[in-house]
Amino acid sequence: MAGGLKPGTLRSVGLHLFMLAFACLMIYPVLWMLSSSLKEGNEIFVNAHKLIPSVWTFENYAEGFKGYSGQSFAVFLKNSTIVTALSVLGTVLSCTVVAYGFARIGFKGAAFFFACMMMTMMLPAEVLTIPQYIFFHKIGWVNTFAPLIIPSFFGTAFFVFLIVQFIRGLPVELDESARVDGCGHGGILFRIMLPLLVPAIITVSIFKFYWTWDDFFSPLLYLTKPEMATVALALKNMSDNSFGTSWGTVFAMSIVSLAPVFVVFVALQKYIVEGISTTGMKG
Amino acid sequence: MRKYETLQGYLYISPWLIGFALFTMAPMFVSLYLAFTRYDILSSPQWIGFGNFKTMFTADERYWSAWKATLTFVFVAIPLRLAFALAVAMLLNTKLKLLGLFRATFYLPTLIGGSVAVAIMWRQLFGTNGALNSVLAAMFGVTEKVSWITQPSTAMWTLILLAVWQFGSAMLIFLAGLKQIPASLYEAADIDGAGRWHKFRKITLPLLSPVLFFNLIMGIINGFKVFTEGLIVTNGGPFDKTLFYVLYVYEKSFRYYEMGYGSAMAWVLLLTTAAFTLIVFATSRSWVFYESGRR
């Protein structure tokens, strides 16, 4: 070979080419959905594998936003936004306060309850689903957002644990000097620590956002009216249309539903990668 | 002073404590009670002793289909996913250009994989007129159109593929673990003339085993809960081949309103998961390497 490429270089090129091909294979399904959403309805399943539409159209998006049962897709987006925003808020508030209690206040029983909390992480939530449903049913919360939001305000074991770990990494001298200055626990947490906890809070918010935005099971159980549906539930219902599903519009709205997920990922990738690498979190 | 501190402590953890009592402990007891009853939410529960369990174990064929589907899924998809994650992480851990881009691309499926949108897309991708058949026709001239989703021999595999496709989280965790392994170990092995496979077996794998172990447990526990994919992609079919355990619990409890039976099923799942976790932990000593204190 001219210039005499070293075998090492050749292997490196080979590896890069292989990885590139593999990357294309990995994202092919996503690109396929994106391109199908831009094809005309009758083209999607003819030569289905092609990624370039022969005619580009945004018709599917316009059609998709009409939603179903007289509810615009904007309604579903709004519902999902309300549920997600309040759930994230509740999680951040409760988990920060609880984590501070476990990490920095030495009280009798702390170790016991911390162990209890860690055990709940292993518990399959399915055991709780039926009684919780009965409970929410009896107090009239079915077909409201309450069952999807209110539990967030009572702390989530996993996120509490994550913040506890983070707080334990902060120097104790910080508390001590604050206490000398006359700060109580409230002062230490909200005035001294909160600014330092921002990275942990961002990580918690991101993952709570993903889990709530994608959640399908709770909306399926608790929301039966079309005007209450979240995006995940609405997509499922649109794809079940008994008069024949218009797949182009379903794909278009699928892309819309994934857009916030992409945006958050691109903007906050650093926190996501770190969060998963250090805690073994499932994304 | 000490008492005041304790009071404050409980005040701070009170949101979780109340939630624990209200949304975990109380439902646990209720569910345990319901497991021994017949209950349809409208009339009051009827005590039937071990009736539900008896039906489940001796008279309900679908129950065993559900176990078969779940176990097949868990013990094929999770190890495969971890193997993939490890292989890709090791490739990424070489001197690779565009590492960030590759990492993001491989993580993307995991990011969106649990959503309804992807489940719907998967169903169409493998449908009769979907992209897979189209690719096979264009590249290999296969004219037969297979319905991968509704054919009993392939339905489960489409779901396993969907799970393996989402190896991103495990890959990130392995990547972080690989970075922790001191380069000096590999250098020493090079001097001793160790080959690639040998280095992998004797250095990489043992040092990564705690991470591997943690991921395997979490993966399997989460695998037992697979639901959305089973409902949307295959809807439990064909012939209950993909009727996952939780999907069956959902069907029994919320479509047929057999909530006593559903609770009994949920408790069996709980006990199975617990037993499984205990076994893995008990045997972990023999195959997990912790840096300090190997006996």
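Residues numbered from 1 in each chain as written. Chains lettered and ligands numbered in written order. Predicted model: local features only at pLDDT ≥ 70, side-chain atom pairs only at ≥ 80, totals over all residues.

What am I meant to see in the overall build of chain B here?
On a plain count of helices and strands, chain B comes out with 13 helices and 2 strands. Scaling as 2.2 N^0.38, a compact globule of 295 residues should have a C-alpha radius of gyration of about 19 Å, whereas chain B reaches 24 Å, well beyond that. The principal-axis extent of the C-alpha atoms belonging to chain B is close to 80 × 75 × 35 Å. Per-residue burial over chain B gives 39% buried out of 295 residues. In chain B, once contacts between residues fewer than 6 apart in sequence are set aside, the share between residues at least 24 apart is 70%. (Helix = DSSP H or I, 4+ residues; strand = E, 2+ residues; numbered from the N terminus. Rg over C-alpha atoms; globule rule 2.2 N^0.38 Å. Buried ≥ 20, exposed ≤ 12 C-beta atoms within 10 Å, placed from the backbone. Contact = placed C-beta atoms within 7 Å.)

Before we go on, may I ask you to explain the overall build of chain A in this structure?
Within chain A, the regular secondary structure consists of 12 helices and 0 strands. The secondary structure elements of chain A, listed N-terminal to C-terminal, are α-α-α-α-α-α-α-α-α-α-α-α. The C-alpha atoms of chain A give a radius of gyration of 24 Å, which is well past the 19 Å a tight globule of 283 residues would have. Each principal axis of the C-alpha distribution contributes one length, and for chain A these read about 70 × 70 × 35 Å. In chain A, buried positions account for 40% of the 283 residues.

Can you help me understand the confidence of the model for chain A in this one?
Predicted confidence across chain A gives a mean pLDDT of 88, with 96% of residues reaching 70 or more. When pLDDT is averaged over each element of chain A, helix α6 (residues 146–149) of chain A comes out on top at 96 and helix α2 (residues 59–64) of chain A at the bottom at 86. (pLDDT = per-residue confidence, 0-100.)

Looking at this structure, how should I read the environment of B:Met156?
Residue and element names in this part refer to chain B. Within the secondary structure, Met 156 sits in helix α7 (residues 155–165). Residue classification places Met 156 among the buried positions, given that 20 C-beta atoms sit within 10 Å. In this structure, the C-alpha to C-alpha distance between Met 156 and Gly 236, residues 80 residues apart in sequence, is 9.6 Å. Residue contacts for Met 156: discarding those within four places in its chain leaves Ala 69, Thr 72, Phe 73, Lys 241 and Thr 242.

What's the story with the interface of chain A and chain B in this structure? I'm lost.
Accessible area lost on assembly of the parts is the figure often given for the size of an interface. At the interface, 68 residues of chain A touch 76 residues of chain B. Put simply, the parts of the chain that give the side of chain A that touches chain B at least two residues each are α1 (7–37), α3 (73–104), α4 (110–122), α5 (126–138), α9 (185–214), α10 (217–222), α11 (231–239) and α12 (247–279) of chain A. Element by element, the count of residues in the side of chain A that touches chain B is highest for α12(A), at 12 residues. Looking at side-chain class alone, the side of chain A that touches chain B contains 45 nonpolar, 18 polar and 5 charged residues. (Nonpolar A, V, L, I, M, F, W, Y, C, P; charged D, E, K, R; others polar.)

What should I look at first to understand helix α9 (residues 183–191) of chain B in this one?
In an α-helix, one turn spans 3.6 residues, which is why side chains three or four residues apart end up on the same side. Among the 9 residues of α9(B), 0 are classified as buried, and the element is accordingly described as predominantly exposed. Residue B:Gly193 follows α9(B) closely and has a positive phi angle near 80°.

I tried to follow unusual backbone geometry on my own but got confused; where do I start?
Most of the time, phi is negative for any residue but glycine, and the peptide bond is trans. With phi around 50°, A:Ser69 is a residue other than glycine that occupies positive phi space. Positioned with a positive phi, B:Tyr257 is a non-glycine residue whose angle comes to about 50°. Structurally, B:Tyr257 can be placed in the loop between α12 (245–255) and α13 (259–287). For B:Tyr257, a count of 14 C-beta atoms within 10 Å puts it in the partly exposed group.

Help me understand the nonpolar core in this model?
In summary, soluble globular proteins display a tendency toward joint burial of nonpolar side chains. In terms of nonpolar packing, the biggest core is built from 143 residues, with A:Ala99, A:Val160, A:Ile163, A:Leu235 and B:Met171 touching the most fellow members. The leading source of residues in this core is α3(A), at 13 residues. (Core = buried A, V, L, I, M, F, W, Y, C linked by C-beta atoms within 7 Å.)

What should I look at first to understand the confidence of the model for chain B in this one?
Residue and element names in this part refer to chain B. Looking at chain B as a whole, its pLDDT mean stands at 88, while 97% of the residues score no less than 70. Per-residue pLDDT, averaged within each element of chain B, yields its smallest value for helix α6 (residues 131–140) (81) and its largest for strand β1 (residues 37–38) (94). Interface confidence for the predicted complex, expressed as ipTM, amounts to 0.87; the pTM equals 0.88.

Got a minute to help me understand the environment of B:Leu208 in this structure?
All names here are of chain B. Within the secondary structure, Leu 208 sits in helix α10 (residues 196–223). Exposure remark for Leu 208: the 22 C-beta atoms within 10 Å place this residue in the buried category. Remark: the alpha-carbon pair of Leu 208 and Thr 150, spanning 58 residues in sequence, is separated by 39 Å. Beyond its immediate stretch of four places on either side in the chain, Leu 208 contacts Phe 174 and Gly 177.

For this particular structure, what's the right way to read α12(B)?
All names here are of chain B. Most of α12 sits inside the fold, with 8 of its 11 residues counted as buried. Along α12, the residues classified as buried are Tyr 245, Val 246, Leu 247, Tyr 248, Val 249, Tyr 250, Lys 252 and Ser 253. A positive phi of about 50° marks Tyr 257, the residue just after α12.

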